[in-house]
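This is what each chain is made of:
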Amino acid sequence: MRKLYLKELKKITCECGFNIYPDMMNGTPFVGIYHCHEWDHGYESGCGYDGTRREFYADMREVLDFIIGYIEHNRISKFIAAPFYKTHQFSGIITDSTQYIYEEICDFLKKCKIHRRSQCGVELEVEGNISVLEMLLEGAFQGISELCVLFPEHSVIMDFTHHFDVGFFTGNFEAEKRTVMKLLCNYKNLRYYEGVYQV
């Protein structure tokens, strides 16, 4: 585990082909996946798919399994968690149902010596830290976390949103599209989409 300050993050993202400080992601194409249930925030939001808590976590596990498959397919060994172009760690209103995931992420940031209002990040090995990815995924799906993941070896920023989707930003769009579509064949409830990032 290694804390990364904003200056270091700027250098690393630039080396990966991203110029995102300040936000220059506007107009950047991306590929993505989303779950067919199309949740909007958590299971108590009243928006999007109206399912149970158990369904929410089962669907989230399916998305996480895809991410793990993606990591294994690309032989990725480390990742960086940071807000990157979003510039802040958290968003949304903390409610009774999201308090626990907010506190879990705060505890994680504190352990990494990262203030919850900073733009710092942390570099982690994939091995032994899948639970961190799961925590970030849940935080985003609940509409609380703004943290993204950069795979520096692969030059891909993976972004999670409260719409239960995962976007993959890369300079190699067509290759990323082929990889994502190939992996999706193993997940009957996940769907492909692509777009251009707009602020």
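Refer to the structure presented above.
All of these numbers come straight from a predicted model, not from anything done at the bench. Each residue is numbered by its place in its chain's sequence as written, counting from 1. Thresholds applied to this predicted model are a pLDDT of at least 70 for local features of residues and 80 or more for the giving and counting of side-chain atom pairs; totals over whole chains, interfaces and linings are not thresholded and use all residues. Remark: hydrogens and water are excluded; side-chain values derive from all non-hydrogen atoms of the structure.

Colleague: Provide a residue-level description of the overall build of the protein chain, including the pertinent values.
Modeller: A count of helical and extended segments in the protein chain gives five helices and eight strands. What counts as a helix is a DSSP run of H or I of at least four residues, what counts as a strand is a run of E of at least two, and both are numbered from the N terminus. Along its sequence from the N terminus, the protein chain presents helices and strands in the succession β-α-β-α-β-α-β-α-β-β-β-α-β. In terms of overall dimensions, the protein chain is globule-like: its C-alpha atoms have a radius of gyration of 16 Å, near the 16 Å expected for 199 residues. By principal-axis analysis of the C-alpha atoms, the protein chain measures approximately 45 × 40 × 35 Å. The contacts in the protein chain between residues at least 6 apart in sequence include a share of 74% that link residues at least 24 apart. What the globule rule says is 2.2 Å times the number of residues to the power 0.38, and the radius of gyration is computed from C-alpha atoms. In this analysis, two residues are considered to be in contact whenever any of their non-hydrogen atoms come within 4.5 Å of each other.

Colleague: Before we move on, can you summarise the packing of aromatic side chains with the specific residues and values?
Modeller: Any two rings among Phe, Tyr and Trp, with Trp reduced to its six-membered ring, count as a pair given centres within 6.5 Å; such a pair is stacked if its planes are under 30 degrees apart, edge-to-face if over 60, and tilted if neither. For the structure shown, the criterion picks out 19 aromatic pairs. Aromatic side chains Trp39 and Phe56 sit 5.3 Å apart centroid to centroid with 90 degrees between the ring planes, which places their arrangement in the edge-to-face category. Taken together, the residues span a long stretch of sequence, with Trp39 in the loop between strand 2 (29-35) and helix 2 (53-73) and Phe56 in helix 2 at a distance of 17 residues. The pair Trp39 / Phe56 is uniform in exposure class, with both members buried. With centroids separated by 5.1 Å and ring planes inclined at 75 degrees, the aromatic side chains of Tyr85 and Tyr197 adopt a geometry described as edge-to-face. Of the two residues, Tyr85 is situated in the loop between strand 3 (78-82) and helix 3 (99-111) and Tyr197 in the segment after strand 8 (190-196); the sequence distance between them amounts to 112 residues. Judged on exposure class, the residue Tyr85 and its partner Tyr197 are both buried. Buried means the residue's accessible area, taken with a 1.4 Å probe over protein chains only, is under 20% of the maximum for its type, while exposed means over 50%, and partly exposed covers the values in between.

Colleague: So, the sheet that holds strand 4 (residues 121-125): which residues are in play, and what are the values?
Modeller: Any two strands with at least two DSSP bridges between them are considered paired. In spatial order, the strands read 1-4-3-5-6-7-2-8; together these eight strands make up an open sheet with antiparallel pairing. A single partner strand is all that each edge strand has here, and the edge strands are strand 1 (2-4) and strand 8. Between one strand axis and the next, the sheet turns by 25 degrees as a mean value, whatever way the strands run. In the sheet, strand 6 (residues 156-161) pairs with strand 7 (residues 165-170) via six bridges, with the strands oriented antiparallel. What sits directly across from Ile157, in strand 7, is Phe169. Axis definition: a line fitted to C-alpha atoms, over the contacting stretch in the case of helices. Angles run 0 to 180 degrees between N-to-C directions.

Colleague: Hey, could you go over the environment of Ile76 for me, with residue numbers and the actual values?
Modeller: Residue position: Ile76 is located in the loop between helix 2 and strand 3. In this structure Ile76 comes out as buried when scored by relative accessible area, which is 7%. When the C-alpha atoms of Ile76 and His154 are compared, they prove to be 7.2 Å apart, with 78 residues separating the residues in sequence. Discounting chain neighbours no more than four positions away, the residues touching Ile76 are Tyr70, Ile71, Val126, Phe151, Glu153 and His154.

Colleague: Run through the nonpolar core, naming residues and quoting values.
Modeller: Phe66 and Phe168 are the most contacted members of the largest nonpolar core, which totals 52 residues. Ranked by residue count, the leading element in this core is helix 2, at nine residues. Apart from the residues within four sequence positions on either side, Phe66 is in contact with Ile33, Phe168, Val180, Leu183, Leu184, Tyr187 and Leu190. Residues belong to a common nonpolar core when they are buried Ala, Val, Leu, Ile, Met, Phe, Trp, Tyr or Cys residues joined through side-chain atoms within 4.5 Å. If you look at the next biggest cluster of nonpolar residues, it comprises 18 residues, including Phe18, Leu150, Phe169 and Tyr197.

Colleague: Residues and numbers for the layout of surface pockets, please.
Modeller: As a volume, the largest pocket reaches approximately 220 Å³. Elements represented by at least two residues in the lining of the largest pocket include exactly strand 6 and strand 7. The way it works is a 1 Å grid over only the protein atoms, where trapped points that fit a 1.4 Å probe form a cavity and open points with protein on both sides within 12 Å along at least five of seven lines form a pocket, and then any residue with an atom within 4 Å of a point lines it. Together, 13 residues line the second largest pocket, and His41, Ser45, Thr95, Thr98 and Gln142 are the ones closest to its centre. Ten residue types, Ala, Val, Leu, Ile, Met, Phe, Trp, Tyr, Cys and Pro, are classed as nonpolar, four, Asp, Glu, Lys and Arg, as charged, and the remainder, Gly among them, as polar. The residue makeup of the lining of the second largest pocket, split by class, is three nonpolar, nine polar and one charged. Grid points are joined across faces, edges and corners, and a volume is the space filled by probe spheres set on the points.

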